Amino acid sequence: MEKNAKIYIAGHRGMVGSAIFRKLEKEGFTYFVTRTSSELDLRDQVAVSQFFTEEKPDYVFLAAAKVGGIVANNTYRAEFLYDNLQIQNNIIHNSYLNGVKKLMFLGSSCIYPKLAPQPLKEDYLLTGPLEETNEPYAIAKIAGIKMCDAYRAQYGCNYISVMPTNLYGFNDNYHPQNSHVLPALIRRFHEAKEHGIPNVTIWGTGLPKREFLFADDLAEACYYLMNNYDEPGLVNVGTGVDISIKDLALLVKNATGYSGEIDFDISKPDGTPRKLMDVSKLHSKGWQHTIELEEGIALAYKDFLSKYAIA
């Protein structure tokens, strides 16, 4: 990317988009075009078309999406499918119509089959049934990958797809019902500590294993790939290391200073048993993460305290 290029980050105020924005600023980029969701509804075909026609960005990072944890995914199934399809359809198609030089589409590890072999290789896509609770979101993201590939094949568009593992970090969502597991744990342990609650209850058995990547590490990877990667299909972005939900809870408990007990509600669903990314393709391209989980949780908790803490 040229330093004077005009860059559009869709979702620039979210956790991923803001991390990409910070990284690009750090690298000396200054020509950004941004819109908040109140200024531009990315589900609105006419509005997005007008935006691209007027602004004509050179590069696009498609980090905008409707996201959430198990409860949100399973509750708002229609919204997760419709909103995400509309957002990516509008941005990808209008990028083509307006001559965008390169587009990065950001997806999720939930695109892979529920019982796919571990670790998850890129070529496991569409080889089995999806996890039921987040199937609508996964289907939308799979459609985005295929759309990027289709526009590359038919129109010669330089569109790439990046699939991050579970993310956390600055500007995360700590909503009590709609957040992902790690920020949800941070909020719950913090509030339990503040209110002297003797037990924190966690859904499921605590046995499922998950992989976590700090969002600023993802931004580093995105910048690297935008400059060094140009292939159809997708590339996983992660650490290549996972941890059980039980052990994750213990790390968060320690980081927040909570002294009570942890209970597991085995009547609640666990979700996918394991989701570990195979990141050998990414490593072969020359990039690896730098922020380890314990350090990242401490950084995330500090950010939570500065912005979201409710005593």
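Check the entry above for the structure.
Residues numbered from 1 in each chain as written. Predicted model: local features only at pLDDT ≥ 70, side-chain atom pairs only at ≥ 80, totals over all residues. Heavy atoms only, no water.

Caption draft 1: Structural detail: the pairing of strand 8 (residues 209-214). Across the six residues of strand 8, five count as buried, placing the element largely inside the fold. In this structure, strand 6 (residues 166-168) lies alongside strand 8, joined through three bridges in parallel fashion. Note that in strand 8 the partner of Leu167 across the bridge is Leu213. When strand 8 meets strand 10 (residues 242-244), the two strands line up antiparallel, connected through three bridges. Bridge assignment links Lys209 to a residue of strand 10, and that residue is Ser244. The sheet contact formed by strand 8 and strand 12 (residues 274-275) spans two bridges and is parallel. Within the sheet, the bridge partner assigned to Lys209 lies in strand 12 and is Arg274. (Buried < 20%, exposed > 50% of the residue type's maximum accessible area, 1.4 Å probe, protein only. Helix = DSSP H or I, 4+ residues; strand = E, 2+ residues; numbered from the N terminus. Pairing = 2+ DSSP bridges.)

Caption draft 2: Layout of unusual backbone geometry. Note that the residue after Gln118, namely Pro119, is joined by a cis bond; omega there is -5°. Inspection of the secondary structure puts Pro119 in the loop between strand 4 (102-106) and helix 5 (135-155). Non-glycine residue Leu126 carries a positive phi angle of around 65°. Here Leu126 is to be found in the loop between strand 4 and helix 5.

Caption draft 3: Representation of the side chain of Asn166. Considering the arrangement of structural elements, one finds Asn166 in strand 6. Side-chain polar atoms of Asn166 contact the backbone oxygen of Glu211, separated by 3.0 Å. Not counting residues within four places of it along the chain, the set of residues in contact with Asn166 comprises Ser109, Arg210, Glu211, Phe212, Leu213 and Lys275. (Polar contact = N/O pair within 3.5 Å; in protein donor to acceptor, adjacent residues only side chain to side chain. Contact = heavy atoms within 4.5 Å.)

Caption draft 4: Here's a closer look at helix 1 (residues 15-26). Taking 1.5 Å as the rise per residue, helix 1 with 12 residues should run 16 Å; its terminal C-alpha atoms sit 17 Å apart, in good agreement. Looking only at helix 1, the buried set comprises Met15, Val16, Gly17, Ser18, Ala19, Ile20, Lys23 and Leu24. Those residues of helix 1 that are buried lie in contact with strand 1 (7-10), strand 2 (32-33), strand 3 (59-62), strand 4, strand 6 and helix 7 (215-228). Once helix 1 finishes, Gly28 follows within two positions and takes phi at roughly 100°, a positive value. (Expected span 1.5 Å × (residues − 1).)

Caption draft 5: Main features of the pairing of strand 7 (residues 199-203). What you see with strand 7 is a clean split: Val200 and Ile202 sit on the buried side and Asn199, Thr201 and Trp203 on the side with no burial. As defined by bridge partners, strand 7 adjoins strand 11 (residues 261-265) across five bridges and the pair is classed as parallel. Residue pairing across strands places Thr201 opposite Asp263, the latter belonging to strand 11.

Caption draft 6: Structural view of the sheet that holds strand 2. Reading across from one edge, 2-1-3-4-5-9 is the order of the six strands in this open sheet, with parallel pairing throughout. Both outer strands of the open sheet, strand 2 and strand 9 (235-237), are each paired with one neighbouring strand and no more. Here strand 3 runs beside strand 4; their pairing, made up of four bridges, is parallel. Paired with Phe61 across the strands is Met104, a residue of strand 4.

Caption draft 7: Representation of the nonpolar core in the model. Counting 40 residues, the largest nonpolar core has Tyr8, Leu42, Phe52, Ile91, Ile92, Leu103 and Ile111 as its most contacted members. Ranked by the residues each element gives to this core, the list is headed by helix 5, at seven residues. When neighbours within four sequence positions are excluded, Leu42 is seen to be in contact with Tyr8, Ala10, Val48, Ala64, Gln86, Ile87, Asn90 and Ile91. Core analysis: the second largest hydrophobic core is formed by 32 residues, Ala19, Ala215, Cys222 and Tyr229 among them. (Core = buried A, V, L, I, M, F, W, Y, C linked by side-chain atoms within 4.5 Å.)

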